[in-house]
2 protein chains.
Amino acid sequence: MKKEQKAADNPAAFERSSCPITNVLDLFGDKWTLLVIRDLVLGKRRYQELIVSPEKIASNILADRLKKLEDAGIITRQAYQQKPARYEYRLTQKGEELQPILEAIITWGLKYYPGTTIFPRIERY
Amino acid sequence: MKKEQKAADNPAAFERSSCPITNVLDLFGDKWTLLVIRDLVLGKRRYQELIVSPEKIASNILADRLKKLEDAGIITRQAYQQKPARYEYRLTQKGEELQPILEAIITWGLKYYPGTTIFPRIERY
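How each quantity is defined
- Residues numbered from 1 in each chain as written.
- Chains lettered and ligands numbered in written order.
- Predicted model: local features only at pLDDT ≥ 70, side-chain atom pairs only at ≥ 80, totals over all residues.
- Helix = DSSP H or I, 4+ residues; strand = E, 2+ residues; numbered from the N terminus.
- Buried ≥ 20, exposed ≤ 12 C-beta atoms within 10 Å, placed from the backbone.
- Contact = placed C-beta atoms within 7 Å.
- Core = buried A, V, L, I, M, F, W, Y, C linked by C-beta atoms within 7 Å.
- pLDDT = per-residue confidence, 0-100.
- Least-squares fit on C-alpha atoms with pLDDT ≥ 70 in both.
- Domains from an automatic or database assignment.
- Nonpolar A, V, L, I, M, F, W, Y, C, P; charged D, E, K, R; others polar.
- Pairing = 2+ DSSP bridges.

A few points about the overall build of chain A
Here comes step 1: Across its full length, chain A carries seven helices and two strands.
Here comes step 2: Sequence-ordered secondary structure for chain A, helices as α and strands as β, is α-α-α-α-α-β-β-α-α.
Here comes step 3: Burial statistics for chain A: of 125 residues in total, 30% are counted as buried.
Here comes step 4: Across chain A, the fraction of contacts at a sequence separation of at least 24, relative to all contacts at a separation of at least 6, is 41%.

Digging into the nonpolar core
Here comes step 1: Counting residues in each nonpolar core, the largest one holds 46 residues, and the members touching the most others are A:Ile21, A:Ile101, A:Ile105, B:Ile21, B:Ile101 and B:Ile105.
Here comes step 2: Among the secondary structure elements, those contributing two or more residues to this core are α2 (20-28), α3 (33-41), α5 (59-71) and α7 (99-112) of chain A together with α2 (20-28), α3 (33-41), α5 (59-71) and α7 (99-112) of chain B.
Here comes step 3: Other than its neighbours up to four places away in sequence, A:Ile105 contacts B:Ile21, B:Val24 and B:Ile101.

Describing the confidence of the model for chain A
Here comes step 1: Here chain A averages 92 in pLDDT, and 90% of its residues register 70 or above.
Here comes step 2: Two summary scores accompany this predicted model of the complex, namely pTM at 0.90 and ipTM at 0.90.

Focus: the relation of the copies chain B and chain A
Here comes step 1: Superposition record for chain B on chain A: RMSD 0.0 Å, screw rotation 180°, translation along axis 0.0 Å. Given the turn and translation reported, the copies of this chain are related as if by a two-fold rotation axis. For chain B, the smallest separation between a C-alpha atom and the rotation axis is recorded for B:Asp30, amounting to 2.3 Å.

As for the domain arrangement of chain A
Residues and elements named next belong to chain A.
Here comes step 1: In terms of domain boundaries, chain A breaks down into domain 1 (1-30) and domain 2 (31-125).
Here comes step 2: Taken together, the contacts link four residues of domain 1 with seven residues of domain 2.
Here comes step 3: In terms of residue class, the side of domain 1 that touches domain 2 is made up of three nonpolar, no polar and one charged.

Some words on the interface of chain B and chain A
Here comes step 1: The interface of chain B with chain A comprises 44 residues on the first partner and 44 residues on the second.
Here comes step 2: Counting residues per element, the ones that place at least two in the side of chain B that touches chain A are α1 (2-9), α2, α3 and α7 of chain B.
Here comes step 3: Residues belonging to the side of chain B that touches chain A are distributed by class as follows: 25 nonpolar, 10 polar and nine charged.

Let's talk about α3(A)
Here comes step 1: The element α3(A) is largely enclosed, with a buried count of eight among its nine residues.
Here comes step 2: The positive-phi residue at the C-terminal boundary of α3(A) is A:Gly43, with phi of around 115°.

Considering unusual backbone geometry
Here comes step 1: Here A:Lys83 and A:Pro84 are connected by a cis peptide whose omega angle stands at -5°.
Here comes step 2: Summarising the element assignment, A:Pro84 is placed in the loop between β1 (75-81) and β2 (86-91).
Here comes step 3: The phi torsion at A:Lys56 lies on the positive side, around 55°, for a residue other than glycine.
Here comes step 4: For B:Lys83, which is not glycine, the phi dihedral falls at a positive 45°.
Here comes step 5: As for its placement among the helices and strands, B:Lys83 is situated in the loop between β1 (75-81) and β2 (86-91).

Section: the environment of A:Thr22
Here comes step 1: Structurally, the position occupied by A:Thr22 is in helix α2.
Here comes step 2: In this structure A:Thr22 comes out as buried when scored by C-beta crowding, with 26 C-beta atoms within 10 Å.
Here comes step 3: Excluding residues within four positions of it along the chain, A:Thr22 makes contact with A:Arg16, A:Ser17, B:Leu35 and B:Glu55.

Regarding the pairing of β1(B)
Residue and element names in this part refer to chain B.
Here comes step 1: Direction of pairing for β1 relative to β2: antiparallel, over a ladder of six bridges. Considered in β2, the bridge of alanine 79 is made with tyrosine 87.
Here comes step 2: Connecting the antiparallel pair β1 and β2 is a turn made up of four residues, with lysine 83 showing a positive phi of about 45°.

Section: the environment of A:Thr33
Residue and element names in this part refer to chain A.
Here comes step 1: In this structure, threonine 33 sits in helix α3.
Here comes step 2: What makes threonine 33 buried here is the crowd of 22 C-beta atoms within 10 Å.
Here comes step 3: On a C-alpha basis, the gap between threonine 33 and phenylalanine 119 in space is 17 Å, while along the polypeptide they are 86 residues apart.
Here comes step 4: In this structure threonine 33 touches Phe28 and Arg65, once residues within four positions along its chain are discounted.

See the structure below:
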């Protein structure tokens, strides 16, 4: 958020360039962040749900990405339990708007990685 | 290419999971690969054009990504000069089809990184 405000005041303040793709990659350009977004789109909300995805994300990486996404205003964190504190994570409007990016990736991925399949949504009760 | 064939024969052979997003991220999940694609979409073709982009990609990273993209069938490499050998890189059909991913990223990036602007296409003569 701080970075965005800085950038809006002064475009020269962008870290690498003023290209929108570059700035998005500074946030998502890794092998894990969009998988956390994918899981939230599929309906996962809790750390214990996110940590068991088949890609076997490491706990420190998951914690780091959740923090980064919260700082960027893409997810919110709300306590659903005290002692010990446990949180639920949900996509904000800004986060929901990432879905067209995931959809474009899925379309290309399904075509060029034969055998891949879209993961099912989580049924919550 | 080899990986895809392997995967088609046996979906269990995917490196991290059978999710299409995961497999795409195994190829593009970094801060540089999609910027090389961007530059090729904009009309750049030569190493000396790619190396001068404002993000200041390191020479070894650019060489690595070009090799990776060629191996994945996303770009082709053709010599335009001998002694010393110099090459032009162009997107294949598979590479061109990445454009909807870039467009979705641009749409989100322009909205959430105020001050970012799309880079102009290269005029070739």
